Amino acid sequence: MTLQEEILRRRTFAIIAHPDAGKTTLTEKLLLFGGAIHVAGAVKSNKIRKSATSDFMEIERQRGISVATSVMGFEYKDVKINILDTPGHEDFAEDTYRTLTAVDSVIIVIDGAKGVEAQTRKLMEVCRMRKTPVIVFINKLDRPCKEPFDLLDEVERELKIGVRPLAFPISSGTTFKGVYNLYEHNISLFTSDERLTADASTVEIEDISQPVLNDYIGEKFANQLREDVELVEGVYDAFDREAYLRGEVAPVFFGSAVNNFGVRELLECFIRIAPSPRPSTTESRPINPDEAKMSGFIFKIHANMDPNHRDRIAFMKICSGVFERNKNYLHVRSGKQLKFSSPTAFMAEKKSVIDFAYPGDIVGLHDTGTFKIGDSFSEGEKLKFTGIPSFSPELFRYIENADPMKFKQLAKGVDQLMDEGVAQLFTSNLNGRKIIGTVGQLQFEVIQYRLEHEYGAKCRWEPISIYKACWIESDNAEQLADFKRRKHTNMAVDKHGRDVFLADTSYALALAQENFKDIRFYFTSEF
Ligand code: G4P
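These figures come from a predicted structure and were not determined experimentally. (Residues numbered from 1 in each chain as written. Predicted model: local features only at pLDDT ≥ 70, side-chain atom pairs only at ≥ 80, totals over all residues. Heavy atoms only, no water.)

**Q** What am I meant to see in the overall build of the chain here?
**A** When helices and strands are counted, the chain shows 14 helices and 33 strands. Scored against the burial criterion, the 527 residues of the chain give a buried share of 57%. Taking the intrachain contacts of the chain between residues at least 6 apart in sequence as the baseline, contacts between residues at least 24 apart amount to 72%. Accessible surface computed for the chain: about 22300 Å², of which carbon and sulfur atoms make up 50%. (Helix = DSSP H or I, 4+ residues; strand = E, 2+ residues; numbered from the N terminus. Buried < 20%, exposed > 50% of the residue type's maximum accessible area, 1.4 Å probe, protein only. Contact = heavy atoms within 4.5 Å. Areas by Shrake-Rupley, 256 points an atom, 1.4 Å probe, with all protein chains shown as cover.)

Written as structure tokens, this is what we have:
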């Protein structure tokens, strides 16, 4: 197969959802269709349940599972599908944001009873920023759900994206009859027993005005469906794939993941319309996937489960060319040539050594602490991929050494954990103290635990009251200097030496923005 053919048959995407909407269940059903697993239940939930926030063994166990399920590849009808898993727990949202930098499209799962929830709204902002094409799957139709038109309006309003239903549900809850497929013109009939295998019962109905529809779903629901479909066709424009690819319109499907219902329709449509690997941006030029030379970047680093081996797996997304085992590549940041003797790929829950990988694929690289998120690899060109952001953290604490004999271990541990993107480190200009910023409470516990178990260091947290950290920049050197002098006690530097303003309150931030018009305040920063 040519490089071009390999590229065209690849779909790399992530499923995002508010916790409990059914992401894990849907992932599993997709793998079932792909033949990657044969019975449901093979992919364990990787979510760290809220009740387990203090159970470190649980965190460790879950971390292990999430390595295994970080990337799941499978083939379906000659299409190579790569699903990138995202952590369910909102404290790991930043990890999710970064994973979104490595995908070409996204499926959003929404609970039909709850509608659009907070986490989904946040994740959609990242998709919108990156113009990522999204497909919406409204789940749990076997439970009483909101009205389909209300759900469609809610998605449009809350996620700020146009919608176009490609399937339409026939009732929900105990009277759920099935889903009408608006582009294939057939009906999938719902049977409520949980289906563990990948067969679905559909009936072709070319014309829903035919009385035969009544035989399948009863007159009342048949009439309702006829009305609904007429309304859909009247209200919504025909599905426009280009608008979907531009991230302007989201096709919407309905189903019940746990019953494996509506999933086939979703998958069939997905392989047809979802984009194959798209060009990537770098500081110097765009990179097309079909360029002959290999390039890629690291978007995720995962620590080893075994505390005795402090090695890690770095996940590289291939952006162009063919990646080959045992071939030398330039690690752009260090300027060193590196080759990998055992790069891994992930097929469902199995990890195996691969010889080749193509654009869109994710390769696991063994890392002994050399790599950082955002690192680029190439065949010589000094590429720096852009658009791999770190987000302004929301929770802050001073980190203190609790064991004076282990100063070095602590420094090394903190350094490596920051490279993994677990949290962000700032150094206060006021007193030189180190501040850790995270997006969730749980990360402080994870850091403390991992420092102790992986690096033999002990840390202590001390409170600091900060509302937000934002990176600042200005072309007006005088104003910048003035700002830094006045705000001296609130200034810090990040790991790369960039200036960061630690605003005490939202008011202080608004005031600073108001009074220093030439200063740009950034809430995300490139790695
Ligand atoms: P997440 O990864 O998005 O957090 O959600 P997950 O798939 O784990 O699903 C959350 C819960 O919702 C699970 O129940 C799951 O079985 C259920 N679920 C998923 N899809 C559907 C659906 O289509 N209909 C119904 N009725 N339920 C669905 P749980 O009780 O939390 O876990 P479990 O013990 O059933 O595994």
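Past the structure itself, the notes keep going.
**Q** Even after reading the chapter, I still don't get the nonpolar core, so can you show me in this structure?
**A** As a rule of thumb, nonpolar side chains are buried together in soluble globular proteins. In this structure, Leu26, Ile81 and Phe323 are the most contacted members of the largest nonpolar core, which totals 112 residues. At seven residues, helix H10 (residues 263-273) tops the list of elements feeding residues into this core. When residues of this core are assigned to domains, at least three fall in each of domain 1 (13-70 + 101-273) and domain 2 (280-378). Excluding residues that lie within four positions of it along the chain, Ile81 makes contacts with Arg11, Phe13, Met72, Gly73, Phe74, Tyr76, Leu267, Phe270 and Ile271. (Core = buried A, V, L, I, M, F, W, Y, C linked by side-chain atoms within 4.5 Å. Domains from an automatic or database assignment.)

**Q** Help me understand the site of the ligand in this model?
**A** Asp20, Lys23, Thr24, Thr25 and Asp142 are the nearest of the 16 residues found near the ligand. Note that an oxygen atom of the ligand is positioned 2.4 Å from one of the side-chain N or O atoms of Thr24. For the ligand, the protein covers 69% of the area, taking 700 Å² as the surface of the free molecule. By residue number, the principal contributor to the shell around the ligand is helix H2 (residues 23-33), which donates three residues. The class makeup of the residues in the shell around the ligand is four nonpolar, six polar and six charged. (Near = heavy atom within 4 Å. Polar contact = N/O pair within 3.5 Å; in protein donor to acceptor, adjacent residues only side chain to side chain. Nonpolar A, V, L, I, M, F, W, Y, C, P; charged D, E, K, R; others polar.)

**Q** What is the right way to look at the side chain of Ser105 in this model?
**A** Position of Ser105 among the secondary structure elements: in strand S4 (residues 105-111). For Ser105, a relative accessible area of 1% translates into the label buried.

**Q** Would you explain helix H8 (residues 219-235) in this entry?
**A** Spanning 17 residues, H8 covers 24 Å between terminal C-alpha atoms, matching the ideal 24 Å at 1.5 Å per step. Every buried residue of H8 is accounted for by Phe221, Ala222, Leu225, Arg226, Asp228, Val229 and Val232. At its buried positions, H8 is contacted by helix H6 (148-158), strand S6 (162-165), strand S7 (167-170), strand S8 (178-181), strand S9 (186-189) and helix H7 (212-217). (Expected span 1.5 Å × (residues − 1).)

**Q** Before we go on, may I ask you to explain the pairing of strand S30 (residues 491-494) in this structure?
**A** Pairing of strand S26 (residues 424-428) with S30, which is carried by three bridges, proceeds in the antiparallel orientation. What sits directly across from Phe426, in S30, is Asp494. Linking two consecutive strands that pair antiparallel, namely S30 and strand S31 (residues 499-503), is a turn of four residues; a positive phi of about 85° is found at Gly497 within it. (Pairing = 2+ DSSP bridges.)

**Q** When you look at unusual backbone geometry in this model, what are you seeing that I'm missing?
**A** Peptide bonds are, in most cases, trans, and in most cases residues other than glycine have a negative phi. In this model, Asp20 sits at a positive phi of 80°, which is unusual for a non-glycine residue. Structurally, Asp20 can be placed in the loop between strand S1 (10-17) and H2. Of note in the backbone geometry, Ser171 takes a positive phi value of approximately 60° without being a glycine. Note on Ser171: relative accessible area 27%, which makes it partly exposed.

**Q** Sorry if this is basic, but what is going on with the pairing of strand S22 (residues 362-367) here?
**A** Within a regular strand, the side chains alternate between the two sheet faces. Burial runs high along S22: five of the six residues are buried. Two elements, strand S15 (residues 312-320) and S22, share six bridges in a ladder whose sense is antiparallel. Within S22, the residue paired with Met316 across the bridge is Val363.

**Q** Sorry if this is basic, but what is going on with the pattern of salt bridges here?
**A** Think of it this way: side chains of opposite charge can pair up when their charged atoms draw near. The full count for this structure, using the stated rule, is 35 salt bridges. Among the ionic pairs, Arg312 bridges to Asp367, the shortest N-O distance being 3.2 Å. Taken together, the positions of Arg312 in strand S15 and Asp367 in strand S22 put the pair 55 residues apart, joining distant regions of the chain. One salt-bridge network, in which partners are shared between bridges, spans Glu6, Arg9, Arg10, Glu75, Lys80 and Asp361. (Salt bridge = Lys/Arg side-chain N within 4 Å of Asp/Glu carboxyl O.)

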